[in-house]
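Coordinate inspection notes
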Amino acid sequence: MDIEKLSSGTCPISRALALVGDAWSALILRDASRGMTQFDQFRTSLGIAPNILSRRLKALTEAGVLEKRRYSERPPRDEYILTPAGIDFLPILAAMGEWGRRHNGAGELSQLVNPATGAPVEAVVIDRTTGELLSPANMRLEMPA
């Protein structure tokens with residue numbers, strides 16, 4: 001996959017995928033949203049090989065989705081914190097989770113809940129301007145001139 005081509009085209013979906021478009025990256029961001037910040041926490045949660053995790057953390061940091069911060073000098077240890085761009089990605093993960101629940105949801109599944117009420121959250125995607133639920137009937141792709 002040509003990341004340079006994805007990153008510079010006119011399609012905002014391909015640009016987004018160039019930054020966070022693989023499963024490991026999305027799962028790292030999911031775990032970061034759950035409060036994980038350290039390499040070993042991600043590795044244990046995901047069962048990911050250290051070299052793959054290192055590459056994904058570096059890519060997410062370079063993309064500006066995570067920020068790398070040193071929390072120990074001896075031994076040198078870093079943590080990875082969600083940036084505003086990373087926080088903006090969390091509703092997308094929630095919507096992906098709802099899609100997965102609906103179309104691949106057999107068995108017991110985790111559930112997002114509202115921390116204030118304890119009620120389950122059902123993520124949907126709406127048009128901020130109109131408040132309408134997005135569907136093929138109310139959206140169309142227009143290419144730049």
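Coordinates for the structure precede this section.
Observations concerning the overall build of the protein chain
Broken down by element type, the protein chain carries six helices and two strands. Listed by position from the N terminus, the elements making up the protein chain come as α-α-α-α-α-β-β-α. A total of 145 residues make up the protein chain; the buried ones form 22% of that total. Nonlocal contacts in the protein chain, meaning residues at least 24 apart in sequence, comprise 32% of its contacts between residues at least 6 apart. Counting only carbon and sulfur atoms, one obtains 56% of the accessible surface of the protein chain, whose full area is about 10600 Å². Put simply, the protein chain has 17 plus and 17 minus side-chain charges, and the middle of one group is 6 Å from the middle of the other.

Re the side chain of Glu79
Relative to the elements of secondary structure, Glu79 occurs in strand S2 (residues 77-82). With no salt bridge to any partner, buried Glu79 finds its closest opposite charge in Arg69, at an N-O distance of 4.8 Å. Setting aside anything within four residues of it in sequence, one finds Glu79 in contact with Thr37, Glu67, Lys68, Arg69 and Tyr71.

Some remarks on the nonpolar core
Ile28, Leu29, Phe42, Leu57, Leu60 and Leu66 are the most contacted members of the largest nonpolar core, which has 18 residues in total. Of all the secondary structure elements, the ones that give two or more residues to this core are helix H3 (23-33), helix H4 (39-46), helix H5 (50-62), S2 and helix H6 (84-103). Considering every element that reaches this core, the biggest residue donor is H3, with four residues. Those residues in contact with Ile28, other than ones at most four positions away along the chain, are Phe42, Leu46, Leu53, Arg56, Leu57, Leu60 and Leu66.

Thoughts on the packing of H3 against H4
One way to put it is that H3 packs onto H4 with a least axis distance of 10 Å and a crossing angle of 115 degrees. Between H3 and H4 lies a crossing of right-handed hand. The segment H3 lies against H4, with Trp24, Leu27, Ile28, Arg30, Asp31 and Ala32 engaging Phe42, Ser45 and Leu46. Taken together, the residues that form the contact of H3 with H4 break down as six nonpolar, one polar and two charged.

Points about H3
Burial in H3 covers these residues: Ser25, Ala26, Ile28, Leu29, Asp31 and Ala32. Residues of H3 that are buried in the fold lie against helix H2 (12-20), H4, H5, strand S1 (66-72), S2 and H6. Put simply, Asp22 is the residue that caps the front of H3, since its side-chain oxygen is 3.1 Å from the backbone nitrogen of Trp24. Just downstream of H3 lies Gly35, where phi reads positive at about 100 degrees.

The rules behind these values
- Numbering of residues starts from 1 in each chain and follows the order in which that chain's sequence is written.
- A pLDDT threshold of at least 70 governs which residues receive local features in this predicted model, and a stricter bar of 80 or more applies before side-chain atom pairs are shown or counted, although totals over entire chains, interfaces and linings include all residues.
- Heavy atoms from the whole structure form the basis of all side-chain values; hydrogens and water molecules are not counted.
- Labels follow the DSSP assignment, with helices taken as runs of H or I lasting at least four residues and strands as runs of E lasting at least two, numbered in each case from the N terminus.
- Here's how the labels work: a residue is buried when its accessible area is under 20% of the maximum for its type, exposed when over 50%, partly exposed in between, all with a 1.4 Å probe on protein chains only.
- The contact criterion used is simple: two residues touch if any of their non-hydrogen atoms lie within 4.5 Å.
- Values of accessible area rely on a 1.4 Å probe in the Shrake-Rupley scheme; residue burial ignores everything except the protein chains shown.
- The positive count covers Lys and Arg only, the negative count covers Asp and Glu only, and His and the chain ends enter neither.
- The atoms used to mark charge sites are NZ of Lys, CZ of Arg, CG of Asp and CD of Glu.
- A pairing counts as a salt bridge when a side-chain nitrogen of Lys or Arg comes within 4 Å of a carboxyl oxygen of Asp or Glu.
- Throughout this description, the term nonpolar core refers to a set of buried Ala, Val, Leu, Ile, Met, Phe, Trp, Tyr and Cys residues connected via side-chain atoms within 4.5 Å.
- Every angle, taken between N-to-C directions, lies between 0 and 180 degrees, and every axis is a line fitted to C-alpha atoms, over only the stretch in contact when it is a helix.
- A crossing counts as left-handed when the near helix is turned anticlockwise from the far one by less than a right angle, and as right-handed when that turn is clockwise.
- When residues are grouped by polarity, Ala, Val, Leu, Ile, Met, Phe, Trp, Tyr, Cys and Pro land in nonpolar, Asp, Glu, Lys and Arg in charged, and all others, Gly among them, in polar.
- Residues adjacent in sequence count toward polar contacts only when both atoms are side-chain atoms; beyond that, a polar contact is any pair of N or O atoms within 3.5 Å, and within protein one must be able to donate a hydrogen and the other to accept it.

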